[in-house]
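Report on the structure
Here's the letter readout for the chains.
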Amino acid sequence: MKTIGYIRTDLPEKFGLPRQSGIVEELKGTIIFEPPYNVREAFEGIEEFTHLWVLWEFSENIREQFSPTVRPPKLGGDVRKGVFATRSPFRPNPIGLSCVRLDSVEHTKAHGTVLHISGVDMMDGTPVYDIKPYIAYADSRPDASMSFAGEHSGDSSKVEFPQELLERIPKEKRTALKKLLAERPIPAYKHDSERIYGLSYAGFNIKFRADESTIYVTDVE
């Protein structure tokens, strides 16, 4: 497996990443490719697709020992399922798969061809293995059963973000940040409503606490 490039995003740490691609559509990323994969010819026609599959590496989730079961956040973090029945990052081979929107293709002097995408669920610096176009008639299965993963609606929390703190964030990054927080970026088994967490985003440290239904932002550093 060859690393063909790396993705740049506003999330430098695992904590706070969306649990699936496309959930936070406003979260942007840029894929910068390594030579010889960054040549214009390799991307001829890619702008004719609206969405792409990105295959990438869980580079911060590598374990030497194989665990056949994991604890999915959807089940509160205290029920185990087989690793192959989940999308856990702790896998025999640390391969991630994300469906993202292709916003634009840019040909640059510094990096060759780069892709600007949105709906990402990858941390900054994530190695990329491959890019494939999303094809709706083959890739979409509306009648598929999703077991415990179920529908995503109803999973989000209310976000209390004081205006004076929100204004410290660049305007174009506020919507994505609020949606990230609404996804409850804390372990499902944590129930301490007074504990202060820190989310690194776009060069800021977002301090917050959470109860069962609401995220309360307490500071922006």
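It should be emphasised that the depicted structure is a prediction, and the values quoted were computed from it without experimental measurement. (Residues numbered from 1 in each chain as written. Predicted model: local features only at pLDDT ≥ 70, side-chain atom pairs only at ≥ 80, totals over all residues. Heavy atoms only, no water.)

1. Overview of a positive patch on the surface
What counts, and what does not: Patch definition: residues above 30% relative accessible area lacking any salt bridge, with like charges linked at up to 9 Å and the nonpolar side chains Val, Leu, Ile, Met, Phe, Trp and Tyr linked at up to 5 Å. Accessible surface area values rest on a Shrake-Rupley calculation with a 1.4 Å probe, where residue burial reflects the displayed protein chains alone. Whenever Lys or Arg places a side-chain nitrogen within 4 Å of a carboxyl oxygen from Asp or Glu, that contact is recorded as a salt bridge. Just so you know, the count uses Lys and Arg for positive and Asp and Glu for negative, and it drops His and the chain ends. By convention, the charge on Lys lies at NZ, on Arg at CZ, on Asp at CG and on Glu at CD. Here a strand is any run of E in DSSP of at least two residues, a helix any run of H or I of at least four, and the numbering for each starts at the N terminus. Type-normalised accessible area, obtained with a 1.4 Å probe on protein chains alone, sets the label of each residue: buried when under 20%, exposed when over 50%, and partly exposed for intermediate values.
Side chains of Lys14, Arg63, Arg71 and Arg80 sit close together on the surface and give a patch of like positive charge. Among the structural elements, lysine 14 can be located in the loop between β1 (5–9) and β2 (28–33). Residue class for lysine 14 comes out partly exposed when judged on its relative accessible area of 41%.

2. Regarding the sheet that holds strand β7 (residues 112–118)
Going by this rule: Two strands are counted as paired when DSSP detects at least two bridges linking them. Here an axis means a line fitted to C-alpha atoms, over the contact stretch when the element is a helix, while the angle between two N-to-C directions is reported on a 0 to 180 degree scale.
The sheet built from six strands closes into a barrel, its strands ordered β1-β2-β7-β6-β3-β8 with antiparallel pairing. Each neighbouring strand pair of the sheet contributes to a mean axis angle of 45°, computed without reference to strand direction. Bridge count for strand β3 (residues 51–57) against strand β8 (residues 126–133) is five bridges, and the pairing is antiparallel. Across the sheet, leucine 55 pairs through a bridge with aspartate 130, a residue of β8.

3. Focus: the sheet that holds strand β12 (residues 214–220)
Pairing in this open sheet of four strands is mixed, and the strands run β9-β12-β11-β10 from one edge to the other. On the outer flanks of this sheet lie β9 (158–160) and β10 (197–201), each paired with one strand and no other. The mean inter-strand angle of the sheet, taken between neighbouring strand axes irrespective of direction, is 35°. Bridge count between β9 and β12: three bridges; the pairing is parallel. Residue pairing across strands places valine 159 opposite isoleucine 215, the latter belonging to β12.

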